[in-house]
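Listed below are the residues making up each chain.
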Amino acid sequence: MAKRQTTKAPHPPALGTRPLPPQGEAFLDAQVGVDGSPNTRIAYTTALRAFWEFRQSEDEPATYAPDALSRFVLDGLSKKSPDTRQLYLSVTRKYLEFLEALEELYGASVAQMERHLKAAVGKKKLARRRRSATPAVYLVAETGELLARSAGAGVTDEARRQQERLIAFRDAAIVQVLLSTGARASEVAGLARGDVDHGRADVVQVRGKGRKKRAVLLDENAQAAIQRYLRARSDRGSALFVGHSPKSSTERPEALDGRGVWRAVARLWKATLERFPEQTELKTIELSPHIFRHARGDGLAKEGASVHAIRQYLGHSSIATSQIYIDEAGDERVMEEVASFTLPRSEATEQARRRLNLNQSDLPAGR
C-alpha cells in the first residue's frame, strides 16, 4: 500500500549523470531478468532514467503527487514520438507499481495517479498505439525480387558487380524471411546458415526475447531467396546474413545486427516508392521490419488462427498483445458482413417510399 502523501521519501544518494531512481536496478532485474534481452533492458533503463531526470525538478523527487504521471506525460514526453511516449509511460507505470508492492511508494497511490492521468490526458490518447499492417510489405518483397534479378547488370568491374549482387540477394532474402516468419529484426539477424539448413528447412528456430526459442515457418519464397543468396557467397561465415561492404572480410564477414536488417528494409522501401512515384498514399506509410511482423499477425488472425497460436508463433510475452490481432480481424469481418447486408441508398429509399405509401408525385420540387 502506498504511504500517505504527508510522508516524504528519503533523499537517494547521488549516482552521477542520469541515475536510476530508488530500487531501479531491482525493478529492472524483476521485469527483464539478469539474463533477459539486452535490448529490452536498455529500453527500460533509458525510460526509467528519463522519468527520474524529469522528477529532479521536484523538491522531493521520490514523493509523488496525484498529478505525477500526468505531468510526466504532458511536460516530460511532449516532444517524444507516440511509440516512445507509450513505452516510457508503460515502464514508468510498472516501476511505480513495483514500488507500491514493496511499500516504498511515497505520496499518492498508483490508482490516484492513474485517475488523474486519464482525466488530464484522456483515454484515447493513452490507448496503446500499434502501427498498422499494410499490404505494402508485399510490394517491398516484389521490389527485392526485381532488384535481385537485375543486380550487377551493366557493371564491368567484377568485384563491384559481385558486391551489388550479394547485397541485392541478401536484402531480398531478408524481406522474404521477415514476411514468412513474422520474426523480429534481431531474431532474423541472429539466424545462422545451419539454422535454416542452407535454405532447405521449412521450420526454423529463432531466439526471441530472453533468448527463448520458438519455431517459425519458411515458405517457398523465403527458401528460394536464401538459397540464391547463399549460392552467391564464397565466404566461410556461419551467420545467415552478413555485411558485404568493401571493408568486409572475404573469409569471415561480420554478421548483420538488427540495425542492418532495418537498413535493408529501408533501402527496399525507398526503391519501392521510386517505382510508384504517383502513389502519394504510399509516402504516408512508416514501413519498418516490425510492419512485416504485424502483417503476419494480421494474416493469421484473418485466416482464423487462435489467439494462443498467434501468441506462440510471434513470441508475445502477453496474450493481450496477440488479442489485438484477433480483435481487429473480428472488426473487419463484422464490417464485411454488415456491408454485405446493407442496401444501396437508392434501393433503401425506394423501399421506404413503398412502405410509407408514397409515389413519385410526392417528391420535393426540383428533384
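Anyway, here's the lowdown on the structure attached to this text. (Residues numbered from 1 in each chain as written. Predicted model: local features only at pLDDT ≥ 70, side-chain atom pairs only at ≥ 80, totals over all residues. Heavy atoms only, no water.)

1. Regarding the overall build of the chain
Quick note on the threshold: Runs of E in the DSSP output that reach at least two residues are strands. Runs of H or I that reach at least four are helices, and both are numbered from the N terminus. Partly exposed residues are those whose accessible area sits between 20% and 50% of the maximum for their type, while under 20% is buried and over 50% is exposed, using a 1.4 Å probe and protein chains only. Note on contacts: a residue pair qualifies if any of its non-hydrogen atoms lie within 4.5 Å across the two residues. Every accessible area reported is derived by Shrake-Rupley at a probe size of 1.4 Å, with residue values counting cover from the shown protein chains alone.
Helices and strands together make up the secondary structure of the chain, namely 15 helices and four strands. Counting across all 367 residues of the chain, residues that qualify as buried make up 41%. The long-range share in the chain, meaning contacts at least 24 apart out of those at least 6 apart in sequence, stands at 64%. Per element, the accessible surface of the chain, about 21,300 Å² overall, is 51% carbon and sulfur.

2. Topic: the nonpolar core
Inclusion rule: Grouping buried Ala, Val, Leu, Ile, Met, Phe, Trp, Tyr and Cys residues that are joined through side-chain atoms within 4.5 Å yields what is termed a nonpolar core.
One finds Val-177, Ile-226, Phe-241, Leu-287 and Phe-292 to be the most contacted residues of the largest nonpolar core, which totals 53 residues. It is helix H8 (residues 158-181) that provides the largest number of residues to this core, a total of nine residues. Once you skip the residues sitting within four places of it in the chain, Phe-241 turns out to touch Arg-170, Ala-173, Ile-174, Val-177, Val-188, Tyr-229, Arg-233, Ala-255 and Leu-256. Leu-20, Phe-72, Leu-89 and Leu-96 belong to the second largest nonpolar core, which has 31 residues in total.

3. What to know about the layout of surface pockets
Keep this limit in mind: Cavities and pockets are found on a 1 Å grid laid over the protein atoms alone: a cavity is a set of points where a 1.4 Å probe fits but cannot escape, a pocket is an open set with protein on both sides within 12 Å along at least five of seven lines, and a lining residue has an atom within 4 Å of such a point. Grid points are joined across faces, edges and corners, and a volume is the space filled by probe spheres set on the points. Residues are grouped as follows: Ala, Val, Leu, Ile, Met, Phe, Trp, Tyr, Cys and Pro are nonpolar; Asp, Glu, Lys and Arg are charged; all remaining types, including Gly, are polar.
Space inside the second largest pocket adds up to approximately 350 Å³. Forming the walls of the second largest pocket are 16 residues, and the residues nearest its centre are Gln-162, Leu-166, His-244, Ser-245 and Thr-250. At four residues, the largest contribution of residues to the lining of the second largest pocket is made by H8. Counted by class, the lining of the second largest pocket contains five nonpolar, nine polar and two charged residues.

4. A word on the environment of Ser-245
Inspection of the secondary structure puts Ser-245 in the loop between helix H10 (220-232) and helix H11 (258-275). Sequence-wise, Ser-245 and Glu-164 are 81 residues apart; in three dimensions their C-alpha atoms are separated by 9.6 Å.

5. Here we look at helix H1 (residues 24-31)
The criterion, for reference: An arc is given here, and it is the one of the directions from the helix axis to the C-beta atoms.
Looking only at H1, the buried set comprises Gly-24, Phe-27 and Leu-28. In an axial view of H1, the angular spread of the buried residues amounts to 95°, which keeps them on one side of the axis. The inward-facing, buried residues of H1 contact helix H2 (38-55) and helix H4 (82-101).

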